[in-house]
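# Notes for the structure review
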Amino acid sequence: MEKYYITTAIDYVNAKPHVGHAYEKIAADVLARFYRLLGRKVFFVTGLDEHGSKIEKAAKQAGIEPQKFCDQMAEEFKSAWHSLDISYDYFIRTTEKRHYKASQEVFSRLQAKGDIYKSSYTGLYCEGCEDFVRERDLDENGNCPAHKTKPKEVSEENYFFKLTKYKADIKKWLLDNPNALRPESRFKQVLNQLDDPELGDFSVTRSRASLNWGVPVPGDDNQVIYVWLDALTNYITAVGFPDDTKTMDQYWPADLHLIGKDITKFHAIYWPAMLISADLALPKQVYGHGFITVEGQKISKSLGNVIDPMALAAEYSPDAVRFALLSCTPFDQDGDFSKEELIRKVNADLANNLGNLLNRTLTLVQKNCNGTVPNVSLDKDWTDQLGTLRANFATHMSRLEFAKALEVTFLMVDSTNKYINDKKPWALFKEGKQADGEAVLYTSLEVLRLVTVLLYPFIPNIAEGIWSQLGFEKTIAEIIKAQDSIGSHDTLFDTIKTGQLTKLTGPVFKRIEEPVLSS
Ligand code: ME8
Ligand code: MG
């Protein structure tokens, strides 16, 4: 069975998750579920980045030990992801013992290669970025443009990694494998960064005097490993590095590192350079997605517009949140999220378009076919249309074009509703044209069957509801699980069976009532 190893960025634990974090985890979950549908052996990892200065500081402000602080926050993140049905296979935390070992092993390998040297350094450090920033990149107030905070001047002796030694290799890797970094805009940006002579060696440690909360540098008690070296290593810790070589061989290299655009440099330059130095294979793809804004504003604590994803899921259901977030904007671009738009979108597509097709089809099947799937074979035109839908959907998914994958699916739902309007099966039955009426209903059932499977990654609960009303005895999740042992992909994509007893049990998704706006 072909594997699919997918990772997300590991979130900093200094603050609770917001919809921007949820957006990325949902996207990764959609891909994980999609590749499970296709029969691949998926390993989906998400988790937390628990070291570094801002976490040390947040713990101090909360008046608790960093470890205890991280333990509490880890529960917050896990509950948020559970409330959104994020089906991760492993939740990694960088404070795990084995992760200390993995980070130290990476450091030692770079050292053994001769790629680490000690040097003193003076620079401006932004805690938000956990990175050094250049004076000329600051805004007019001298603040980091991303975090709106003043970077600290830092002067210390650190260990450095010889990034410059690998810049040409990284460039060649990207040019030879344009798919290794997507979307296109991020690819171009990174090639420009690689051509910038100022992109030089970077510090891979911090002195204990400035940061205590981190992984100790092997053989030097006065230094801790830089949080980005530590954090990036999570991707191999999760698959057993360095001790469990069997798991490592099975899953590494990762098929996809899904991350936000702001941390592309770390994933497409620093991480591959470290991997080459450590004699490890490079990831197949890094994808830097766009950012979610809330009602036109950047999400930030100070603006007070941080939407708690768990509260959102409780209010509107996990499927509504998942669906609204992934359809609100092309994944490679920034896009805006609002509750009004969520309500509009899920009412239009899920309650009206899809809900209507299911309801009218099953009502007619109940009335005219004793509730069972009629004995008809799909005509060539519809067979082709469904084949095209499945192929287009897969292409969009392979390019992480979630909004487009949803769009082509809902166009099919829409055109099937129109087809029913045109054919008027209720009239056909009335006129005694039983076979013609059955052909229309069978077509609609087949559309519903395929559309439900395709939508399952996005809206798993609604999809299971439709699936059961279509009369399937095993749930989609159960069928995927059974596939695991037989290694077959196709059960879910078989046509719906004649004689299968459908069960109309009411709407799978209720319209959300629009809030009355008080002015
Ligand atoms: O960067 N919209 O953690 P983080 C979309 N620990 N995505 C967003 C977003 C928004 N408004 N805000 C943040 C870190 N993200 C590091 C990662 S990986 C080895 C270490 C995304 O908590 C962001 O781009 O600041 C990143 O991919 C993820 O959320 C975690 O951000
Ligand atoms: Mg960030």
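What you see is a predicted model; the values in this text were computed from it and never measured.

Moving on: the overall build of the protein chain. Counting its secondary structure elements, the protein chain contains 19 helices and 16 strands. The C-alpha radius of gyration computed for the protein chain amounts to 26 Å, which stays within 12% of the reference 24 Å derived for 519 residues, consistent with globular compactness. C-alpha atoms of the protein chain, sized along the principal axes, occupy 90 × 60 × 40 Å. Of all 519 residues assigned to the protein chain, the portion counted as buried reaches 56%. Surface accessibility of the protein chain: about 22,300 Å² in total, with carbon and sulfur atoms responsible for 50%.

Moving on: helix α18 (residues 460-469). Judged by how many residues are buried, α18 sits mostly within the fold: seven of 10 residues are covered. Looking one or two residues beyond α18, the residue adopting positive phi is Gly-471, at roughly 100°.

Turning to helix α17 (residues 434-455), a few remarks are in order. In a regular helix each residue adds 1.5 Å, so 22 residues correspond to 32 Å; α17 covers 31 Å between its end C-alpha atoms and thus fits that length. Most of α17 sits inside the fold, with 18 of its 22 residues counted as buried.

Between helix α1 (residues 19-37) and helix α12 (residues 318-327), the least distance of the axes is 10 Å, while the angle of their chain directions is 95°. Judged by the inter-axis angle, α1 sits roughly perpendicular to α12. On the side of α1, the interface is formed by Val-19, Tyr-23, Ile-26, Ala-27, Asp-29, Val-30 and Arg-33, while α12 contributes Val-321, Arg-322, Leu-325 and Leu-326. Tallied by class, the residues present in the contact of α1 with α12 amount to eight nonpolar, no polar and three charged.

This part takes up the pattern of salt bridges. As a working rule, side chains carrying opposite charge can pair if their charged atoms are close by. Within this structure, the stated rule accounts for 40 salt bridges. With a shortest N-O distance of 4.0 Å, Glu-401 and Arg-399 are connected by a salt bridge. Among the charged side chains, a network of salt bridges with common partners joins Glu-2, Lys-3, Arg-40, Asp-255 and Lys-284.

A word on the layout of surface pockets. There is about 520 Å³ of room inside the second largest pocket. Looking at the second largest pocket, it is lined by 24 residues, and the ones nearest its centre are Gln-285, Met-397, Ser-398, Arg-399 and Leu-400. Mapped by element, the contributors of at least two residues to the lining of the second largest pocket are α1, α14 (380-398) and α15 (402-423). Its residues placed into classes, the lining of the second largest pocket shows 12 nonpolar, three polar and nine charged.

Rules behind the numbers
- Residues numbered from 1 in each chain as written.
- Chains lettered and ligands numbered in written order.
- Predicted model: local features only at pLDDT ≥ 70, side-chain atom pairs only at ≥ 80, totals over all residues.
- Heavy atoms only, no water.
- Helix = DSSP H or I, 4+ residues; strand = E, 2+ residues; numbered from the N terminus.
- Rg over C-alpha atoms; globule rule 2.2 N^0.38 Å.
- Buried < 20%, exposed > 50% of the residue type's maximum accessible area, 1.4 Å probe, protein only.
- Areas by Shrake-Rupley, 256 points an atom, 1.4 Å probe, with all protein chains shown as cover.
- Expected span 1.5 Å × (residues − 1).
- Axes fitted to C-alpha atoms, helices over the stretch in contact; angles between N-to-C directions.
- Parallel < 35°, antiparallel > 145°, perpendicular 65-115°, else oblique.
- Contact = heavy atoms within 4.5 Å.
- Nonpolar A, V, L, I, M, F, W, Y, C, P; charged D, E, K, R; others polar.
- Salt bridge = Lys/Arg side-chain N within 4 Å of Asp/Glu carboxyl O.
- 1 Å grid on protein atoms, 1.4 Å probe; cavity = no way out; pocket = protein on both sides within 12 Å on 5 of 7 lines; lining within 4 Å.
- Points joined across faces, edges and corners; volume = space filled by probe spheres on them.

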